[in-house]
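Observations on chain architecture
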Amino acid sequence: MSEQCELKFSDYKSDLSVRWCPGCGDHAILNSVQKAMANLKVKPHDVAVISGIGCSSRFPYYMNTYGFHTIHGRAAAVASGVKVANPDLHVWEITGDGDALAIGGNHFIHLIRRNIDINVILFNNQIYGLTKGQYSPTSKRGFISKTSPFGTVEDPFRPGELALGARGQFFARTVDKELKLSVEVMEEAAKHKGTSIVEVLQNCVIYNDRTHEAITDKKHKLDRTIILKHGEKMIFGTNGDKGLVMDGMDIKAVTIGQDGYTMDDILVHDAQTQHVSMHRKLANMDYPELPVALGVIRSAEGLSYDESVKKQVEDVQEKTSIHTFEELVNSGDVWEVK
Ligand SMILES: Cc1ncc(C[n+]2csc(CCOP(=O)(O)OP(=O)(O)O)c2C)c(N)n1
Ligand code: SF4
């Protein structure tokens, strides 16, 4: 990490006026990222925020850091280059579900497979917001939109499943309006060495309002979501009396004190294990069968591409007899044309 100093939340804000619709979940996500950066005390000039195209991708304009609003679907490719060429820079990628998982799907999975040390914030509003309401790869089957007037006839990607299937070492999920949880998750993502994917369930008030409401509204969120914490029992519910247990190969939700289940039966979350099968089950949990998992689901160590490239370059430079351009062009097969 770079040299540390006292920094405030406002030090990360640019002086441009924020152009998202009033009530859009993007405002809260911006605040969470700025708060997390202030807590991490990373200097604004040591940060680069790279985005694709979409409402969410306007994000770099609002940050007082380096930034690049690139082209649709290519944020991961540009961010990869930025990080590998500048290993000491803290690189954040901002992307929407269309940007990352439709046009940018290929870059998304290869960024994760390579494990480049980039913090990806995936704004999942299950719609194309900027282009006014077409369905996206995360829209639910049957979703009616301008491009699916009779309902979609395809199943959506689950970003967690995709990230873990691409050998992801860090996956977390949060909700735009849950500021405290979002800040914690962003900080964990930033500290993790390698690609960190943070899926934020984001509300688009204009084209897909309340899409996450069944699990995020105040009345139901405690019963329909579970906040996972490494080393702690998987407990949830308004009264804190529900928990997760294994039932054969599957996860099951139970009430502690009923059907013979005690606190001892409740699973303990191990976010750091290399074994991915439990993380995949947790990432795939969905309401109404099971609570939707929030917090850090997986945070496992692994070799990062950028560190490996840096080391390889240093090793080669130490051993090579080629030190100048002249020596390079005269190395190998050289012919003199007379
Ligand atoms: C090559 C290319 N194809 C299509 C578009 C049009 N386009 C711009 S943003 C976008 C989708 C945005 O949706 P998402 O990534 O989910 O972001 P949101 O606006 O919802 O934040 C599309 C299809 C484009 N700009 N460039
Ligand atoms: S269209 Fe939707 S996603 Fe875009 S700024 Fe407005 S509310 Fe946010």
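Residues numbered from 1 in each chain as written. Chains lettered and ligands numbered in written order. Predicted model: local features only at pLDDT ≥ 70, side-chain atom pairs only at ≥ 80, totals over all residues. Heavy atoms only, no water.

1. Focus: the pattern of salt bridges
Going through the model one piece at a time under the given rule, you end up with eleven salt bridges. Of the charged contacts in the structure, one is a salt bridge between Asp-11 and Lys-8, with a shortest N-O distance of 3.8 Å. (Salt bridge = Lys/Arg side-chain N within 4 Å of Asp/Glu carboxyl O.)

2. Section: the domain arrangement of the protein chain
When the domains of the protein chain are assigned, the result is domain 1 (9-230 + 271-306) and domain 2 (234-269). Centre-to-centre separation of domain 1 and domain 2, based on C-alpha positions: 29 Å. Across the contact, 17 residues belong to domain 1 and 14 residues belong to domain 2. Interface area for domain 1 against domain 2, summed over the two sides, is near 1,200 Å², with a carbon-plus-sulfur share of 68%. Its largest share of buried area at the contact with domain 2, domain 1 owes to Asp-223, Ile-226 and Lys-281, together 35% of the area lost on that side. Counting the contacts that link domain 1 with domain 2 gives one salt bridge. On inspection of domain 1 and its partner domain 2, the count reaches six residue pairs in polar contact (both at pLDDT 80 or more). Elements represented by at least two residues in the side of domain 1 that touches domain 2 include exactly helix 8 (221-224), strand 7 (225-228), helix 9 (277-284) and strand 11 (292-299). Take the side of domain 1 that touches domain 2: its biggest share by element is four residues, from helix 9. Looking at the side of domain 1 that touches domain 2 residue by residue, the classes come out as eleven nonpolar, three polar and three charged. (Domains from an automatic or database assignment. Contact = heavy atoms within 4.5 Å. Buried area = accessible area lost by both parts, 1.4 Å probe. Polar contact = N/O pair within 3.5 Å; in protein donor to acceptor, adjacent residues only side chain to side chain. Helix = DSSP H or I, 4+ residues; strand = E, 2+ residues; numbered from the N terminus. Nonpolar A, V, L, I, M, F, W, Y, C, P; charged D, E, K, R; others polar.)

3. Topic: the site of ligand 2
Every residue close to ligand 2 is listed here: Trp-20, Cys-21, Cys-24, Cys-55, Asn-125, Gln-202, Cys-204, Val-205, Ile-206 and Tyr-207. Class assignment of the residues belonging to the shell around ligand 2 gives a composition of eight nonpolar, two polar and no charged. (Near = heavy atom within 4 Å.)

4. Quick notes on the layout of surface pockets
The volume enclosed by the largest pocket comes to roughly 500 Å³. Gln-126, Lys-140, Arg-158, Asp-286 and Val-292 are, among the 22 residues lining the largest pocket, the residues nearest its centre. Considering every element that reaches the lining of the largest pocket, the biggest residue donor is helix 7 (residues 213-216), with three residues. Of the residues assigned to the lining of the largest pocket, the class counts are ten nonpolar, six polar and six charged. (1 Å grid on protein atoms, 1.4 Å probe; cavity = no way out; pocket = protein on both sides within 12 Å on 5 of 7 lines; lining within 4 Å. Points joined across faces, edges and corners; volume = space filled by probe spheres on them.)

5. Considerations on the packing of helix 1 (residues 26-40) against helix 6 (residues 179-191)
Close contact between helix 1 and helix 6 brings their axes to 8 Å; oriented N to C, the two are set at 55°. Viewed along their axes, helix 1 and helix 6 adopt a mutual orientation that is oblique. With respect to the hand of their crossing, helix 1 and helix 6 are arranged in right-handed fashion. For the pair helix 1 and helix 6, the contacting residues are Ala-28, Ile-29, Ser-32, Val-33, Lys-35, Ala-36, Asn-39 and Leu-40 in the first and Leu-179, Ser-182, Val-183, Met-186, Glu-187, Ala-190 and Lys-191 in the second. Taken together, the residues of the contact of helix 1 with helix 6 sort by class into nine nonpolar, three polar and three charged. (Axes fitted to C-alpha atoms, helices over the stretch in contact; angles between N-to-C directions. Parallel < 35°, antiparallel > 145°, perpendicular 65-115°, else oblique. Left-handed = near helix turned anticlockwise from the far one by under 90°.)

6. Some remarks on a nonpolar patch on the surface
A surface patch of nonpolar side chains, about 330 Å² in accessible area, is lined by Phe-325, Leu-328 and Val-329. Within the element layout of this structure, Leu-328 appears in helix 11 (residues 325-329). Since its relative accessible area comes to 45%, Leu-328 is described here as partly exposed. (Patch = residues over 30% accessible without salt bridge, like charges linked within 9 Å, V, L, I, M, F, W, Y side chains within 5 Å. Areas by Shrake-Rupley, 256 points an atom, 1.4 Å probe, with all protein chains shown as cover. Buried < 20%, exposed > 50% of the residue type's maximum accessible area, 1.4 Å probe, protein only.)

7. Thoughts on the site of ligand 1
Taken together, the neighbourhood of ligand 1 is formed by 16 residues, with Cys-55, Ser-56, Gly-98, Asp-99 and Leu-130 sitting nearest. Separating an oxygen atom of ligand 1 from a backbone N or O atom of Cys-55 is a distance of 2.8 Å. In the environment of ligand 1, an oxygen atom lies 3.0 Å from a nitrogen or oxygen atom belonging to the side chain of Asn-125. With four residues, helix 3 (residues 97-103) is the largest single contributor of residues to the shell around ligand 1.

8. What about the pairing of strand 4 (residues 118-124)?
Burial runs high along strand 4: seven of the seven residues are buried. Neither face of strand 4 is exposed, since Ile-118, Val-120, Leu-122 and Asn-124 on one face and Asn-119, Ile-121 and Phe-123 on the opposite face are all buried. Pairing of strand 3 (residues 90-96) with strand 4, which is carried by six bridges, proceeds in the parallel orientation. For Trp-92, the partnering residue across the bridge sits in strand 4 and is Asn-119. Pairing of strand 4 with strand 6 (residues 196-201), which is carried by six bridges, proceeds in the parallel orientation. Across the sheet, residue Asn-119 finds its bridge partner in strand 6, namely Ser-196. (Pairing = 2+ DSSP bridges.)

9. Digging into the packing of helix 2 (residues 75-85) against helix 4 (residues 105-114)
Packing of helix 2 against helix 4 brings their axes to within 8 Å, and their N-to-C directions diverge by 35°. Across the interface between the two elements, Ala-76, Ala-77 and Ser-80 of helix 2 pack against His-107, Phe-108 and Leu-111 of helix 4. Taken together, the residues of the contact of helix 2 with helix 4 break down into four nonpolar, two polar and no charged.

10. Observations regarding helix 4
Of the positions making up helix 4, those classed as buried are Gly-105, Phe-108, Leu-111 and Ile-112. Projected onto a plane normal to the axis of helix 4, the buried residues spread over an arc of 130° and lie on a single side. Buried residues along helix 4 sit against helix 2, strand 3, helix 3, strand 4, helix 5 (159-165) and strand 6. At the exit of helix 4 stands Asn-115, carrying a positive phi of roughly 60°. (Arc of directions from axis to C-beta.)

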